[in-house]
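Residue-level structural notes
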Amino acid sequence: MTSPRKPQGQGGQSQPSILSQLRRGLGSKAVSRRSALLFVAGLSLSGAIAGCGGGGNQATTGEGNQAAAPETIDITLVSYAVTEAAYSKIIPLFVEKWKEETGQTVRFDQSYGGSGSQTRAVIDGLEADVVALALAADTLQIQDAGLIEPGWESETPTGDGIVHKSVGVIVTRDGNPKNIQDWADLARDDVTFVTANPKTSGGARWNYLALWGSISETGGTDEAAQEFVTQAFANVPVLPKDAREATDVFFTQNQGDALINYENEVILAAQQGNTLPYVIPQDNISIDNPVAVVDSYVDQRGTREVAEAFVAFLFTPEAQREFAKVGFRPVEESVAEEFADDFPEVSNLFTVDAFGGWGEIRSQHFADGGIFDQIQTAIARR
Amino acid sequence: MTLAAADLRGPNQPKNVLAKISIPWIVVFAHLFIILLFPLLALLLQAIVLNPAQFWALATTPIALSTYNITFGTATVAAIVNMLAGTLTAWVLVRYQFPGKRFLDGIIDLPFALPTAVAGITLATIYNQSGWIGQFFAPFGIQIAFSRVGVAIAMIFVSLPFVVRTVQPVLQEVEPTIEEAAWSLGASRFQTFWKVILPPIIPAILTGTAQAFARAVGEFGSVVLVAANVPFQDLIAPVLVFQRLEGADIPGATVIGLVLLLISLVLLLIINLLQAWGRRYDV
């Protein structure tokens, strides 16, 4: 909510050409580019109509003429809201480094918004060179749309595409009056809690999986896990559409005794002066945030080299340190050691692989009529 | 001579037909087509990739059925409240003079201009259990924000101007002297209202109510913030569409959207017939 949401172009194939023409017309100033994007969002409806008749006229007018090695190069980073604090520090570092190495000035267009909406914007024609989303399921959607080549995970130094991590935490009211210590407490009869809706918020799927895994990854059966998650979600009075709104509902609107949130969010909030009491359950999910180069856009725009260099840079200690400072658990080992005090060890940490990966999770749990729908139907029948 | 002229025009016939279509007509037609019909067509086209059985299955899941019920039920309540209160508001604004009237008259359009998200946050803040208004209901176990009541209030808020703004100009045309004449002939206040004031403004009331209803059905931004969005409790259909989209379930979203569209079209048709009935008083 703090950053402007990006336009979601519906122009499909016709939009890139409109965009690049516009950009050229405007002399590609970073500021005017942003307003141009917004303008194009307005135009996208008419773009969609034009596209209807014209079919797929892919932009061949893109200005990606790398051979000439232009003085300046524009790249677009599309990410989700909370990473903005880190990227605002990292990008100047990279720009400086790239200038030293190549003499080229890199200008960044940055777009922050909900991870799911950002994903759709990129699929619909927002020309992102690099996407840093909240969960691999979103990146996989872009891959399914044919914009990212399969195998992007192995292209990062860590080999899994994950640039930073976090874990789930339970935020409580001051003094923790209900004595909430673990996921199990959220299923108690006298407790209510707030979580974003996993159907609308990609990020909230981590919350759901943490609850599920606290049973299934500690020796429980899937039936027991479903029973527990049903019990817990029956205690949810409000299902806001995203994590930001959930936080607002908990603090500003005073709903619920607890709030499921991410460790990085509460650390960032503490840095901004809102220290929140929270517990880190010891059976927890590793919230892995991926980064990827969007192959078809970088090839079209001739920005592959700088985009890949930027992604590689995100894994260097200096960039990882910036992620750690705003609350993300770093993936680079030396930085992880450096910040070990800030990020307490979690004894039983499981990943999405424990649930068969995102494809499986989506079809089993969140598809129409899937387990989450069954849970909500069961709660309504109680 | 005239015959020859007609013959000369012969080959140019198509041009003349085109020339006869006035520019305003072309503009209106193109505008409606591009702005209104094209998106509807796209929605239809997206839905027909599904076979009827799939369509029916997606359209009638228990959660979907409950959202139609909640959306149209709450919108009906909102429309009725606005019909009554809106008519009264219009009447007071037209017939009475009081300090601050111009100001009140001016801010009635505010719900049109206010971003719906702002409306939603504000409503949630004043109607939650500790909010300005919510705190007086909380002791009786009545929850306003994050319940169906909150949804209805958000819908009433966003559709408030419709009835007032359609009834106001019509009322202004009804001369107060007619009311006075009715009184002087011995009609009671109720009779005056029922037989003299109401008939000419019925079409306007129905039009405004229909618009308010349509707006309430389509409202998303403020409802999503003021509702708990829990299925079977107060989850409305537009939010379900959004959920399906976020889940990358385009067919599911399209189906719900289409069902909403069809129900709305049928209801608008019924309301139009009602309006035609209301116009029987027109001279």
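In every chain, residue numbers begin from 1 and rise along the written sequence. The naming scheme follows written order: chains are lettered A onward, ligands numbered 1 onward. Predicted model: local features are reported for residues with pLDDT of at least 70 only, side-chain atom pairs are reported and counted for 80 or more only, and whole-chain, interface and lining totals are derived from all residues. Side-chain numbers come from the whole structure's heavy atoms, not from hydrogens or water.

A run of DSSP states H or I qualifies as a helix once it reaches four residues; a run of E qualifies as a strand once it reaches two. Both are numbered from the N-terminal end. Looking only at helices and strands, one finds 15 helices and zero strands in chain B. The globule rule is 2.2 Å times the number of residues to the power 0.38, and the radius of gyration it is compared with is taken over C-alpha atoms. In terms of C-alpha radius of gyration, chain B reaches 25 Å, well past the compact-globule figure of 19 Å for 283 residues. If you line up chain B on its principal axes, its C-alpha atoms span 90 × 65 × 30 Å. Residue exposure (1.4 Å probe, protein chains only): buried if accessible area is under 20% of the type maximum, exposed if over 50%, otherwise partly exposed. Scored against the burial criterion, the 283 residues of chain B give a buried share of 40%. Any two residues whose heavy atoms approach within 4.5 Å at even a single point are treated as in contact. Pairs at least 24 residues apart make up 74% of the contacts formed inside chain B by residues separated by at least 6 positions. Put simply, chain B shows about 15,600 Å² of open surface, and 74% of that area lies on carbon and sulfur atoms. Positive charges come from Lys and Arg, negative ones from Asp and Glu, while His and the chain ends are left out of the count. The atom standing in for a charge is NZ when the residue is Lys, CZ when it is Arg, CG when it is Asp and CD when it is Glu. When the 14 basic and 12 acidic side-chain charges of chain B are each reduced to a single mean position, those positions are 5 Å apart. Residue-level accessible areas treat just the shown protein chains as cover; the underlying method is Shrake-Rupley with a 1.4 Å probe.

For chain B, per-residue confidence averages 87 on the pLDDT scale, and residues scoring 70 or more make up 92% of the total. As scored by the predictor, the complex reaches a pTM of 0.76 and an ipTM of 0.71. As a per-residue quantity, pLDDT reports the predictor's confidence and falls between 0 and 100.

Now for the pattern of salt bridges. All names here are of chain A. By salt bridge we mean one thing: a side-chain nitrogen of Lys or Arg within 4 Å of a carboxyl oxygen of Asp or Glu. Going through the model one piece at a time under the given rule, you end up with 22 salt bridges over all chains. As a salt-bridge pair, K97 and E101 come within 3.5 Å of each other at their nearest N and O atoms. Of this pair, K97 and E101 are both found in helix α3 (residues 84–102), four residues apart, which corresponds to roughly one turn of the helix. A salt bridge links D129 to R301; the nearest nitrogen and oxygen atoms lie 2.8 Å apart. With D129 in the loop between α4 (115–123) and β3 (130–132) and R301 in helix α10 (residues 295–301), this pair connects stretches of sequence that are 172 residues apart. D129 gets classed as buried once you look at its relative accessible area, which sits at 0%. If you follow the salt bridges from partner to partner, you end up with D295, D299, R304 and E308 in one network.

All right, on to the interface of chain A and chain B then. Facing 28 residues of chain A, the contacting portion of chain B comprises 30 residues. Of the roughly 2,500 Å² buried between chain A and chain B on both sides combined, carbon and sulfur atoms contribute 56%. Along the contact surface separating chain A from chain B lie one salt bridge. D368(A) is the salt-bridge partner of R244(B), the closest N and O atoms lying 2.8 Å from each other. Think of a polar contact as two N or O atoms within 3.5 Å of one another; within protein, one of them needs to be a possible hydrogen donor and the other a possible acceptor, and neighboring residues in sequence only count if both atoms come from side chains. For the pair chain A and chain B, the interface holds five residue pairs in polar contact (both at pLDDT 80 or more). If you list the elements that add at least two residues to the side of chain A that touches chain B, you get α4, α8 (243–251) and α15 (371–381) of chain A. Classification convention: Asp, Glu, Lys, Arg as charged; Ala, Val, Leu, Ile, Met, Phe, Trp, Tyr, Cys, Pro as nonpolar; all other residues, Gly among them, as polar. Split by residue class, the side of chain A that touches chain B holds eight nonpolar, eleven polar and nine charged. We define buried area as the total accessible area lost by two parts upon association, computed with a 1.4 Å probe and summed across both.

This brings us to empty space enclosed by the protein. Residues are called lining when one of their atoms sits within 4 Å of a cavity or pocket point, these points coming from a 1 Å grid over the protein atoms alone, where a cavity is a set in which a 1.4 Å probe fits but cannot get out and a pocket is an open set with protein on both sides within 12 Å along at least five of seven lines. Grid points are joined across faces, edges and corners, and a volume is the space filled by probe spheres set on the points. Scanning all chains against the criterion turns up six cavities of 30 Å³ or more. Its boundaries defined by the atoms lining it, the largest cavity holds a volume of some 100 Å³. D138(A), Q141(A), G202(A), R205(A) and E246(B) are, among the 14 residues lining the largest cavity, the residues nearest its centre. Taken together, the residues that form the lining of the largest cavity break down as three nonpolar, six polar and five charged.

Next up on the list: the packing of aromatic side chains. Under the pairing criterion, centres of Phe, Tyr and Trp rings, with the six-membered ring standing for Trp, must be within 6.5 Å; the plane angle then separates stacked pairs below 30 degrees from edge-to-face pairs above 60, leaving the rest tilted. Within this structure, the stated rule accounts for 26 aromatic pairs over all chains. Ring centres of W25(B) and F29(B) lie 5.1 Å apart, and the angle between their planes is 5°; on these two criteria the pair is classed as stacked. Within this pair, W25(B) and its partner F29(B) are both found in helix α3 (residues 23–47), separated by four residues, close to a single helical turn. Judged by centre distance (6.0 Å) and plane angle (10°), the ring pair of F190(B) and W194(B) falls under stacked. Highlighted residues: F190(B) and W194(B), both in helix α12 (residues 189–218), separated by four residues, approximately one helical turn. In this structure W194(B) comes out as partly exposed when scored by relative accessible area, which is 48%. Put simply, the rings of Y87(A), F94(A), W98(A), F108(A), F310(A), F313(A), F323(A) and F328(A) pair up and form one aromatic cluster.

With that settled, consider the pairing of strand β6 (residues 258–262) of chain A. Residues and elements named next belong to chain A. Counting buried positions along β6 yields five of five residues, so the element is predominantly enclosed. Here β6 shows a buried face lined by A258, I260 and Y262 and a second buried face lined by L259 and N261. At least two bridges found by DSSP between two strands is the condition for calling them paired. Inspection of the sheet shows strand β4 (residues 162–172) paired to β6 by five bridges, in the antiparallel sense. What sits directly across from T172, in β6, is A258. Two elements, strand β5 (residues 193–194) and β6, share two bridges in a ladder whose sense is parallel. Pairing of V194 across the sheet is with L259, part of β6.

This part is about the nonpolar core. Side chains of a nonpolar character, in soluble globular proteins, are inclined to be buried together. Grouped together as the largest cluster of nonpolar side chains are 149 residues, with contacts concentrated most on V131(A), L186(A), Y208(A), L211(A) and F310(A). Per element, the largest residue contribution to this core is eight residues, and it comes from helix α5 (residues 62–95) of chain B. Setting aside anything within four residues of it in sequence, one finds F310(A) in contact with I75(A), L77(A), Y87(A), I90(A), I91(A), F94(A), F108(A) and V130(A). Take the buried residues of types Ala, Val, Leu, Ile, Met, Phe, Trp, Tyr and Cys, join any two whose side-chain atoms come within 4.5 Å, and each joined set is a nonpolar core. If you look at the next biggest cluster of nonpolar residues, it comprises 16 residues, including V163(B), V167(B), I205(B) and L206(B).

Let us look at the packing of α3(B) against helix α15 (residues 250–278) of chain B. All names here are of chain B. Relative to each other, α3 and α15 sit at 125°, their axes nearing to 9 Å. If you check the angle between α3 and α15, you find them oblique. In this structure, α3 meets α15 at a crossing whose hand is left-handed. When α3 is examined against α15, the residues L40, L43, L44, Q46 and A47 are found in contact with a partner set consisting of I250, T254, G257, L258 and L261. Residues that form the contact of α3 with α15 fall into these classes: seven nonpolar, three polar and no charged. Working convention: axes come from line fits to C-alpha atoms, limited for helices to the stretch in contact. Angles between N-to-C directions cover 0 to 180 degrees. Orientation categories follow fixed angle ranges, with anything under 35 degrees roughly parallel, anything over 145 roughly antiparallel, 65 to 115 roughly perpendicular, and all other angles oblique. Crossing handedness is defined as follows: a turn of the near helix away from the far one that is anticlockwise and smaller than a right angle gives a left-handed crossing, while the clockwise case is right-handed.

To continue, consider the packing of α12(B) against α15(B). All names here are of chain B. Where α12 contacts α15, the axes come no closer than 8 Å and their chain directions differ by 170°. By the angle between their axes, α12 is roughly antiparallel relative to α15. Between α12, through I202, P203, L206, T207, A210, F213, A214 and V217, and α15, the contact on the second element is made entirely by S264, L267, L268, I271, L274, Q275 and G278. Split into classes, the residues belonging to the contact of α12 with α15 amount to eleven nonpolar, four polar and no charged.

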